[in-house]
Amino acid sequence: MAKTGARTDLDKVRNIGIAAHVDAGKTTLTERLLFYTGASYKIGEVHDGAAHTDWMPEEQEHGITITAAVTQCPWRDHLIQVVDTPGHVDFTIEVERSMRVLDGAIIVMDAVRGVEPQTETVWRQANKHAVPRMIFVNKMDRPGADLDRVLEQITKRLRDAPVPVTVGLPDEKVVLHCIERQAYVFSGEKGENVATRPLEDWEADKLAPYRETLLLALAEHDEALADKVLMEEDIADDEVWAVLRRLTIAGIVRPVFSGSALRNWGVQILLDSVIKVLPNPLERPPAIAHAADGSEERVDMTDDGPLAALVFKVQLFEGRRHCFVRLFRGILRPGDAVRIGTSDQVERAARVFEVDSNKKSRIDDAHAGQIVLIAGLRHATTGDTLCHPEAPLLLARIDARDPVLGLAIEPVSSSDEEKMLEVLAKVCEEDPSLRFEEDAETGQKIIKGMGELHLQIVFERIEREFGVKVVAGRPRVVHRETIQGRGVATGTVDRTIDAPGGAIQLHASCTVRVTPAARGAGVTVDASRVRWEPPELVPTPEQAAAVEQGVRDALAGGPLEGSPLVDVDVVIEGVQTFGPGSGPQALRIAGASGVREALQAAGGQVLQPIMKLEVVVPEENTGGVLGDLQARGAVITGHDSEGDQTRIEGECGLSNLIGYMTALRSNTRGRGQFTMEFSRFDVL
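As a starting point, this report considers the structure included with it. Nothing here was measured: the structure is a model prediction, and the numbers come from that model. (Residues numbered from 1 in each chain as written. Predicted model: local features only at pLDDT ≥ 70, side-chain atom pairs only at ≥ 80, totals over all residues. Heavy atoms only, no water.)

A word on the environment of Thr-492. With respect to the helices, strands and loops of the structure, Thr-492 is situated in strand 30 (residues 487-497). Ignoring sequence-local partners within four residues, the contact set of Thr-492 consists of Ala-508, Ser-509 and Ser-593. (Helix = DSSP H or I, 4+ residues; strand = E, 2+ residues; numbered from the N terminus. Contact = heavy atoms within 4.5 Å.)

In structure tokens:
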């Protein structure tokens, strides 16, 4: 039976995400949030495979978060809707599409490791979508934990302004509060008992510099507070909270809290602060959409007005297709017709659900600000806008990175071929960073993803969920191509082809110049300076379009492997026509021929995925690991020691890193850690 449409007022709602580098403790923190708010009656541990939000068997087996999970928890008359996101770079699309629909975020950092590679990635994703965020420095109970070093790394590596709000004392299981100037003590089997007491003298001395850092940072952006700080007047807690909230929502400062999720201390303070400093949906800037005529339209977060919602994820539940949707305007009820963007495609939302991890419950209506699950949409995909059939519009889409690693795949049983193709289509629909294609030359089925773990999880899911066993070939790195130098060529077509109405003469030529462009510039085509021959000829729009289309046809692949072409500037210099034989078909062929010959003349270059990598190893293994990386062609950009561990940073071609984790474990007796993320395509 569906729930009523009653809902929490938007000013008492917080839609937040939890993001971090892998193994920083995101899911462990989420479990505590659910337990302390009463949304879960027990704490599920990641290492036991019992975490509430890690519901997929693959997540429980590997001990990592693979898919973003949505859950809800009530706290002090507010509703906090939490999205627990993956930390592994192979699943970064889950973070990207979550950030697109969140109002705030908690970035979790390891108190020993500080800012790690994926921390930088999720930080950039949050910056891209201007998501206000707070930081939880986790694992303060571990040897080597250093809050000051983490604050310094945030400033230097993330180029942002952290302001300390709480300071954890690991030996005491106590958290000192910079604003409230008191100590929080956590006790009980699961840290459920929270007591406050006045600061002891030594605690006040320890807290003083952190409080001063906080007040000076806030005073830079608030004159009233600055006057009180300069005059050393007593400042009310509420005034500090109000300034901190305003500056956090504006993205000027990032509040920092500390504690240990696993040891159950510091989490309740974080919950209180989510409500105090992170925005409700009404405090976020209105979404900007584009109407069917291309004009901009402001979408205010309100139930009034026609529906505007964004599909940010497609997922199979119990084998059926469902869409995760964030409503930005209007109300959605089961049975409502919705248009997909500005297309002519109209579907019906058969059912609407609230979702808690992998559990869903039907509701009668969904309101602006909510994140809900919709069943019955057969054509909507990630990034699509859902709107009222009479008010089409487009919200900004969600960007997905191109995959970098491919594997040939085939079913163990030939009778499963058709089923495998059907299943692959479904999983690629769920995950925009997956691609599936057939190699035109070999006939092999190729699936491409973001890395070895990404593809391994896909194969495990295909077998578990759909009963199709598959085997994979050797990894094949996805390449791009560019050119080495300048190339000029004239492509000519001069032939007769048979046609139903009689023979057709095709005769035309096209001169094209190609030059290398800067890395990341893409491919540009300049058709603004074409010299047409004979000079008196005034080309028709169809002729001009045909030449340019032929040029673009030939730019689909490079001259060496046929891989996608990048970083090339193309100028169409001249076109020669020969009367009736120079129709659009001939001109298109001549344009394509000119480009192919010019690319050959310029000389091709294969670009490989270059990965930014970080390796953390015991100090005694540093020399061996560095030698192995250099033998693989890695460029070491830096390394430093942190206690008895060494952090090595560098860049390396992906083809040389396949299987590296196994080698690293062997070289370090299982104690080394390795992460990488895509940097760019470049010459190896």
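Attention now goes to the sheet that holds strand 23 (residues 385-387). Pairing within the open sheet is antiparallel, and its eight strands lie in the order 18-17-23-14-15-22-19-20. In this open sheet, the two strands that pair with only one neighbour each are strand 18 (346-348) and strand 20 (359-362). Within this sheet the neighbouring strands show an average axis-to-axis angle of 40 degrees, counted without direction. Here helix 10 (residues 417-430) sits on the sheet and contacts strand 14 (308-317) and strand 15 (320-329); the angle it forms with strand 14, its principal contact strand, is near 140 degrees. (Pairing = 2+ DSSP bridges. Axes fitted to C-alpha atoms, helices over the stretch in contact; angles between N-to-C directions.)

With that settled, consider empty space enclosed by the protein. The full count for this structure, using the stated rule, is two cavities of 30 Å³ or more. Looking at the largest cavity, its volume works out to about 50 Å³. Of all the secondary-structure elements, those providing two or more residues to the lining of the largest cavity are strand 35 (604-618) and strand 38 (673-682). Here the element with the most residues in the lining of the largest cavity is strand 38; it accounts for three residues. (1 Å grid on protein atoms, 1.4 Å probe; cavity = no way out; pocket = protein on both sides within 12 Å on 5 of 7 lines; lining within 4 Å. Points joined across faces, edges and corners; volume = space filled by probe spheres on them.)

Turning our attention to the sheet that holds strand 25 (residues 405-411). Reading across from one edge, 26-27-25-28 is the order of the four strands in this open sheet, with antiparallel pairing throughout. Two strands bound the open sheet, and with one partner strand each, they are strand 26 (435-438) and strand 28 (470-477). Geometrically, the sheet is characterised by an average inter-axis angle of 30 degrees between neighbouring strands, direction not taken into account. Here strand 25 runs beside strand 28; their pairing, made up of six bridges, is antiparallel. Note on strand 28: the bridge partner recorded for Ile-409 is Ala-472. Helix 10 contacts strand 25, strand 26, strand 27 (445-449) and strand 28 of the sheet and is inclined by roughly 145 degrees relative to strand 25. Helix-sheet contacts for helix 11 (residues 452-466) involve strand 25, strand 27 and strand 28, and the interaxial angle to strand 27 is about 125 degrees.

Along the polypeptide, Gln-268 turns up in helix 9 (residues 267-277). Looking at Gln-268, its side chain comes within polar contact range of the main-chain oxygen of Gly-191, at 2.9 Å. With sequence-adjacent residues up to four places away left out, Gln-268 is seen in contact with Tyr-36, Trp-75, Phe-186, Gly-191, Glu-192 and Val-194. (Polar contact = N/O pair within 3.5 Å; in protein donor to acceptor, adjacent residues only side chain to side chain.)

We now examine the pattern of salt bridges. All chains considered together, the criterion is met by 37 salt bridges. Between Glu-422 and Lys-426 there is a salt bridge; the shortest N-O distance is 3.9 Å. Remark: Lys-426 and Glu-422 occur in helix 10; sequence separation between them is four residues, near one turn of the helix. A relative accessible area of 30% means that Lys-426 is categorised as partly exposed. (Salt bridge = Lys/Arg side-chain N within 4 Å of Asp/Glu carboxyl O. Buried < 20%, exposed > 50% of the residue type's maximum accessible area, 1.4 Å probe, protein only.)

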